[in-house]
Amino acid sequence: MPQHEARVARDVLDEPHVRGRRIPVLTIVERVEGRGLEPSTVADRFDLDIAEVYSALLYYHDHPDEFEDLHEERDEVMAEIEDSIDRPDDVNPPNA
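Residues numbered from 1 in each chain as written. Predicted model: local features only at pLDDT ≥ 70, side-chain atom pairs only at ≥ 80, totals over all residues. Heavy atoms only, no water.

A. The overall build of the chain, seen in detail. Looking only at helices and strands, the chain features 5 helices and 2 strands. For the chain, the succession of helices and strands along the chain, N to C, is α-β-β-α-α-α-α. By the burial criterion, 28% of the 96 residues in the chain qualify as buried. Pairs at least 24 apart in sequence give 47% of the contacts found in the chain among residues at least 6 apart. Carbon together with sulfur atoms contributes 46% to the accessible area of the chain, which is approximately 6,800 Å² in total. (Helix = DSSP H or I, 4+ residues; strand = E, 2+ residues; numbered from the N terminus. Buried < 20%, exposed > 50% of the residue type's maximum accessible area, 1.4 Å probe, protein only. Contact = heavy atoms within 4.5 Å. Areas by Shrake-Rupley, 256 points an atom, 1.4 Å probe, with all protein chains shown as cover.)

Shown next, in the form of C-alpha cells:
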C-alpha cells in the first residue's frame, strides 16, 4: 500500500477521511482545489500535518472512480431530502 493511502481511512460514514480524524478527503480537496487555498493553510486550519493534506490530495487523484461514485451518492441523497421536504406550493428552494 502506498504511504499516502496509509494516511486515509474509510471507517467513518464509509467516506475516505484522514486517518484518526473526521476530516473527509473531499473537504481537503475542496479547500485546496476548489477555493485555491495553500495546502499549508488547510493543514493549519484543520490542525493537520502537511503530509496528511498532500496524502488526501494524492488519494483523491488516485481514486477518481471512487469519488465519482461518492458525488453521485451525495447528489441522490440530497435529491431525496429535497423531495421529502413538505413546503407550501408557492415556496420553492432558491435554486429550483
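B. Spotlight on helix 2 (residues 25-34). Those residues of helix 2 lying buried are Val25, Leu26, Ile28, Val29 and Val32. Along the axis of helix 2, the buried positions cluster into a sector of 155°, meaning they face one direction only. Directly beyond the C-terminal end of helix 2, a positive phi value near 80° is found at Gly36. (Arc of directions from axis to C-beta.)

C. Up close: the pattern of salt bridges. All chains considered together, the criterion is met by 3 salt bridges. One salt bridge connects Glu15 with Arg74, and the closest N-O pair in it is separated by 2.6 Å. Residue Glu15 is located in the loop between strand 1 (8-9) and strand 2 (17-18), and its partner Arg74 is located in helix 5 (residues 64-84); the two are separated by 59 residues in the primary sequence. Residue Glu15 is classed as buried on the basis of its relative accessible area of 12%. Notably, a salt bridge pairs Glu30 with Arg31, separated by 3.2 Å at the nearest N-O pair. Residue class for Glu30 comes out partly exposed when judged on its relative accessible area of 31%. Take Arg31: its relative accessible area is 22%, and that puts it in the partly exposed class. Each of Glu30, Arg31 and Arg35 takes part in salt bridges that share partners, so that together they form one network. (Salt bridge = Lys/Arg side-chain N within 4 Å of Asp/Glu carboxyl O.)

D. Main features of the nonpolar core. One finds Ile28, Leu48 and Val53 to be the most contacted residues of the largest nonpolar core, which totals 18 residues. Going through the elements one at a time, helix 2, helix 3 (39-45), helix 4 (50-62) and helix 5 are the ones with two or more residues in this core. Top contributing element to this core by residue count: helix 2, with 5 residues. Val53 has contacts with Ile28, Val32, Pro39, Val42, Ala43 and Leu48, leaving out every residue within four places of it along the chain. (Core = buried A, V, L, I, M, F, W, Y, C linked by side-chain atoms within 4.5 Å.)

E. A look at the side chain of His17. Considering the arrangement of structural elements, one finds His17 in strand 2. Since its relative accessible area comes to 3%, His17 is described here as buried.

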